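The lines below spell out each chain.
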Amino acid sequence: MSGRFVRSSKYRHVFGRPTRKDQCYDNLRISRNAWDTNLVKANPHYLSVNWEAGGGGAFAVIPLEERGKLPERIPLFRGHTAVVLDTDWNPFNDDLIASGSDDGRVLLWRVPENFTLRPDVEPDQVQDIAPVGKLNGHPKKVGHVLFNPAAENILATASGDFTVKVWDIEAGAPKFTLNLGDIVQSQSWSANGSLLVTTSRDKKLRIWDVRQERPAHETQGHSGAKNSRSVWLGERDRIATTGFSKMSDRQLALWDIRAPREPINGFKTLDSISGVCMPFWDDGTQCLYLAGRGDGNIRYFELENDKFEYLAEYKSADPQRGIAFMPKRGVNAHENEVTRAFKTVNDSYIEPISFIVPRRAESFQDDIYPPTIGLTPAMGPGDWVSGKEAIPPKISMASLYEGEGLKEVTGVQDKPTSTLGAPEPQPGLQPKPAEPSPVKKAPEPTPEPTPIVKPAPSMKEQGASMAAMVNKFADEEDDEPTPVEDSSFDEPPKPVERPSRSPDNASPTVKASPWGQKEEAKSTPTPPKVSTPTNDRSGTNTPTVSTPTGSAGSTLTTTAAVAADAVQREIGSIKDLIAEQTKTIATQAQQMQTLTAEIESLKAKLG
């Protein structure tokens, strides 16, 4: 034993798998404009790419299945009179996209039915796509466009006029205007669509109560002169930002939206590379991906106990200027792919990179695929404007795995932001925990603190009970081999392997009851049949046990069978107790952090 402690994580061995050049999207003319956006956006059907086009601005839409070298002349989405700076796909309509341009206009587009980049016409007869809607209101360039993740047809646009306008695209008019006073560098919505976080050139981090048109919180962000980025961490009340120090070191910071005066645990230095770090959050795995602009590396972290735990880094000699990540409903669960990135290379082609959890089992891995947001919005634009806050319904990833389409497993979930105006956490108020996986029964450490409904057993009591169990069966467990973790692959959890279930009845069980009937789905072992006692050579009567299969010569003593069964049951009990203890420890740690934050806030107010 080396004494080295290795943190347990399902994603410790996640690796990035590149794509062969002939399976990339080649022969592109990606925009060389220096504006700081991601250049590429993705949904489960298409990629949008800012295009280097003469005579105005344009962008291209690439169907994901059309890989390889593209024709010299392809249909472009053309309508802007200046270069396109940013695009964004509607989260509830995979055919609708918005674009912002240097001409100050926001255009709305619909991808035609059966759209292809290789139409059966002559190259000079290829027709470009025209916009279906226009939003006029910004007098200067529109650098960022972002759809609301909870409300239908709500769009935020950031402009060089130092404002962010929030539009109802059905009405074609801005509903709210946020005045920042400087250039917006990034923006990100909260999961319930009520708050918007922005970073700007004045180095301020602002959390906006959009419908009040005022910042709920404003604080000093990264102190460096270069651009900073922000991303909301799903349904958590946390924000991650990337930026630079005064010495131009790249930094990562985690913020509590209830008390954002200082980042949690301060600013973390990453390296001294000069390119902007583009952050992307995966809510299903609770992982943050950081892609460097100008370098080819993508590092990823797991958020645990308000700390980003480093997992690994995907390294490549090909630098990226732009990158996009696939929504969770578009990943390939048959290959245990948890996310997929699309990076630009040399401004000429886009390379997909799959991030995969290595596992031996070939069945659906429900512990790494919790329910995810589908195509149904939580509310319409009118409800959102009037003040509603909610999380959209979620779909089962198991139904996508089985090829059954999108199946909702939850309804619209209310998600109020009750701590909006509070400068610090209020005593006794806990953030709402992340939505549990409907197909998971095994206890997992909760990612957020949950309210205490009854006193948890003390550590001393838990340790005493565990010691009693271990001592009781120590002599019986000595004969069992100790598993050695000598593989880089994580074994899937026991409920997922389903050793006694055939492939024919595995999927319908999960489908019939998405709220976790795995315990009932397990095959019940047939009890052994005890035959009449027989005399052995020593003259002792020994009862024999025949196996349920009736195989000849396969006998076992009743004492050994009962002991082995008891050992297995007690081992399972110990594992369950350890899982419960881990859950309790994680909860207590979260409570300690919350209390510490409250104490610091009270000290600040008194001092």
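Residues numbered from 1 in each chain as written. Predicted model: local features only at pLDDT ≥ 70, side-chain atom pairs only at ≥ 80, totals over all residues. Heavy atoms only, no water.

Going by an unreviewed UniProt entry, the chain carries the name Coronin-like protein crn1 and comes from Aspergillus melleus.

(A) How the structure looks around the overall build of the chain. Along the backbone of the chain there are 8 helices and 39 strands. Looking at the chain as a whole, 50% of its 607 residues qualify as buried. Within the chain, contacts between residues separated by at least 24 positions form 55% of all contacts whose residues are at least 6 apart in sequence. Of the roughly 28700 Å² that the chain leaves accessible, carbon and sulfur atoms contribute 52%. (Helix = DSSP H or I, 4+ residues; strand = E, 2+ residues; numbered from the N terminus. Buried < 20%, exposed > 50% of the residue type's maximum accessible area, 1.4 Å probe, protein only. Contact = heavy atoms within 4.5 Å. Areas by Shrake-Rupley, 256 points an atom, 1.4 Å probe, with all protein chains shown as cover.)

(B) Representation of the pattern of salt bridges. For the coordinates displayed, the defined rule picks out 35 salt bridges. Across the pair Asp295 and Arg250 runs a salt bridge, and its minimum N-O distance is 3.4 Å. Of this pair, Asp295 sits in the loop between β25 (287-292) and β26 (298-304) while Arg250 sits in strand β22 (residues 250-256), and the two are 45 residues apart along the sequence. Residue class for Asp295 comes out buried when judged on its relative accessible area of 10%. For Arg250, a relative accessible area of 2% corresponds to the buried category. Ionic pairing is found between Arg359 and Asp367, a salt bridge with its closest N-O pair at 2.8 Å. (Salt bridge = Lys/Arg side-chain N within 4 Å of Asp/Glu carboxyl O.)

(C) Representation of the layout of surface pockets in the model. The space that makes up the second largest pocket amounts to roughly 440 Å³. Looking at the second largest pocket, it is lined by 19 residues, and the ones nearest its centre are Ala259, Ile264, Gln593, Ala597 and Glu600. Put simply, the parts of the chain that give the lining of the second largest pocket at least two residues each are β23 (264-271) and α8 (558-606). The greatest single-element share of the lining of the second largest pocket, amounting to 8 residues, is contributed by α8. Classifying every residue of the lining of the second largest pocket gives 6 nonpolar, 6 polar and 7 charged. (1 Å grid on protein atoms, 1.4 Å probe; cavity = no way out; pocket = protein on both sides within 12 Å on 5 of 7 lines; lining within 4 Å. Points joined across faces, edges and corners; volume = space filled by probe spheres on them. Nonpolar A, V, L, I, M, F, W, Y, C, P; charged D, E, K, R; others polar.)

(D) Quick look at the nonpolar core. Within the largest apolar cluster, 60 residues are counted, with the highest numbers of intra-cluster contacts made by Leu47, Tyr289, Ile350 and Phe355. The element contributing the most residues to this core is strand β5 (residues 57-63), with 5 residues. Discounting chain neighbours no more than four positions away, the residues touching Ile350 are Cys24, Tyr25, Leu28, Ile30, Val40, Leu47, Val49, Phe342, Lys343 and Thr344. The next biggest cluster of nonpolar side chains, apart from the first, holds 19 residues, and it includes Ile154, Val164, Val166 and Phe176. (Core = buried A, V, L, I, M, F, W, Y, C linked by side-chain atoms within 4.5 Å.)

(E) Expanded view of the sheet that holds strand β14 (residues 163-168). Taken together, the 4 strands give an open sheet; going across it, the order is β12-β13-β14-β15, and neighbouring strands pair in antiparallel fashion. Either end of the sheet is taken by a strand with one partner, and the two such strands are β12 (142-147) and β15 (173-179). Recorded for the sheet is a direction-independent mean angle of 20° between the axes of neighbouring strands. (Pairing = 2+ DSSP bridges. Axes fitted to C-alpha atoms, helices over the stretch in contact; angles between N-to-C directions.)

(F) Region of the structure containing the sheet that holds strand β19 (residues 214-220). The sheet built from 4 strands is open, its strands ordered β16-β17-β18-β19 with antiparallel pairing. What marks the edges here is a single partner per strand, and that holds for β16 (184-189) and β19. Taken over all neighbouring pairs, the strand axes of this sheet differ in orientation by 20° on average, direction set aside. Two strands pair when backbone bridges link them, and strand β18 (residues 204-209) and β19 are joined in this way by 6 bridges, in the antiparallel orientation. Paired with Lys204 across the strands is Gln220, a residue of β19.

(G) Representation of the pairing of strand β8 (residues 84-89). With 6 of 6 residues buried, β8 is to be regarded as a mostly interior element. Linking β8 back to strand β9 (residues 96-101) in an antiparallel pair, the connection comprises 6 residues.

(H) Structural context of the side chain of Thr344. Relative to the helices and strands, Thr344 resides in strand β29 (residues 337-345). The class of Thr344 is buried, set by a relative accessible area of 1%. Engagement of the side chain of Thr344 in a polar contact is seen with the backbone nitrogen of Arg321, the distance being 3.3 Å. Those residues within four positions of Thr344 in sequence are excluded, and the remaining contacts are Ile30, Val40, Pro319, Gln320, Arg321, Gly322, Tyr349 and Ile350. (Polar contact = N/O pair within 3.5 Å; in protein donor to acceptor, adjacent residues only side chain to side chain.)

(I) Summary view of the packing of aromatic side chains. Counting across every chain of the model gives 18 aromatic pairs. Here Phe77 and Trp109 contribute two aromatic rings whose centre-to-centre distance is 5.8 Å and whose plane-to-plane angle is 65°, an arrangement assigned as edge-to-face. Here Phe77, found in strand β7 (residues 77-80), pairs with Trp109, found in strand β10 (residues 105-110); they are 32 residues apart in sequence, far enough to count as distant. Among the residues examined, Phe77 registers a relative accessible area of 0% and is labelled buried. With 5.4 Å between their ring centres and 80° between their planes, Tyr300 and Phe355 make a pair best called edge-to-face. Taken together, the residues Tyr300 in strand β26 and Phe355 in strand β30 (residues 349-356) connect sequence positions 55 residues apart. (Phe/Tyr/Trp six-rings, centres within 6.5 Å; stacked < 30°, edge-to-face > 60°.)

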